[in-house]
Amino acid sequence: MRRLTPLAVLLTVSLVSAPSALAAPALSAPALSASASDEFNRCGYHPKGATHLRTGPGKKYASIGMLYPDDDLHADKKKNGWYRVQVSGKSQSGLKANTRGWVAKSQLKRHICTILH
């Protein structure tokens, strides 16, 4: 028969006496802060009207192309009233899917999620 070390005995006793400790976090653990993606609408955004997709967060940055109300966008960063967005599919103006750039938050409206049960 193999002899257990004190550490092995301690671990075995801990696991047997409190198996739920592995499944649930400790009560004293600090709460996790919201991730960056929780700040943004998970269903995405649409431009309110024709607007520029820019290389940076401001009008001084060059335009990558135009976005229109039917374009689907998802945001992942914000800076000074601007959102960095990614085009979900090919845009109406011909921007490729997954193109990233910046749009003024004031030019965006939240997409409404539809959940069917």
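Residues numbered from 1 in each chain as written. Predicted model: local features only at pLDDT ≥ 70, side-chain atom pairs only at ≥ 80, totals over all residues. Heavy atoms only, no water.

Observations concerning the overall build of the chain
Then step 1. Summing up its helical and strand segments, the chain has 2 helices and 7 strands in all.
Then step 2. When the helices and strands of the chain are read in sequence order from the N terminus, they spell out α-α-β-β-β-β-β-β-β.
Then step 3. Per-residue burial for the chain yields a buried fraction of 27% across its 117 residues.
Then step 4. Across the chain, the fraction of contacts at a sequence separation of at least 24, relative to all contacts at a separation of at least 6, is 49%. (Helix = DSSP H or I, 4+ residues; strand = E, 2+ residues; numbered from the N terminus. Buried < 20%, exposed > 50% of the residue type's maximum accessible area, 1.4 Å probe, protein only. Contact = heavy atoms within 4.5 Å.)

Brief notes about the confidence of the model for the chain
Then step 1. When pLDDT is averaged along the chain, the result is 77; 65% of the residues meet or exceed 70.
Then step 2. Mean pLDDT across the elements of the chain ranges from a minimum in helix H2 (residues 20-23), with 42, to a maximum in strand S2 (residues 51-54), with 98.
Then step 3. In this model residues 7-37 is a low-confidence stretch, pLDDT under 50, and it forms 3 contacts with partners more than four residues away in sequence or in other chains. (pLDDT = per-residue confidence, 0-100.)

Comments concerning unusual backbone geometry
Then step 1. Positive phi, normally seen in glycine, also occurs at Asn-80, with a value near 50 degrees.
Then step 2. As for its placement among the helices and strands, Asn-80 is situated in the loop between strand S4 (73-79) and strand S5 (82-87).
Then step 3. With relative accessibility at 67%, the residue Asn-80 sits in the exposed group.
Then step 4. Its identity as a non-glycine residue notwithstanding, Asn-98 has a phi of 75 degrees, on the positive side.
Then step 5. Structurally, the position occupied by Asn-98 is in the loop between S5 and strand S6 (100-104).

Let's talk about the packing of aromatic side chains
Then step 1. Throughout the structure, instances matching the rule amount to 1 aromatic pair.
Then step 2. Note on Tyr-45 and Tyr-83: the rings are 5.6 Å apart at their centroids and 70 degrees apart in plane angle, and the pair reads as edge-to-face. Of this pair, Tyr-45 sits in strand S1 (residues 45-47) while Tyr-83 sits in strand S5; the two residues are 38 residues apart in sequence, bridging distant segments of the chain. (Phe/Tyr/Trp six-rings, centres within 6.5 Å; stacked < 30°, edge-to-face > 60°.)

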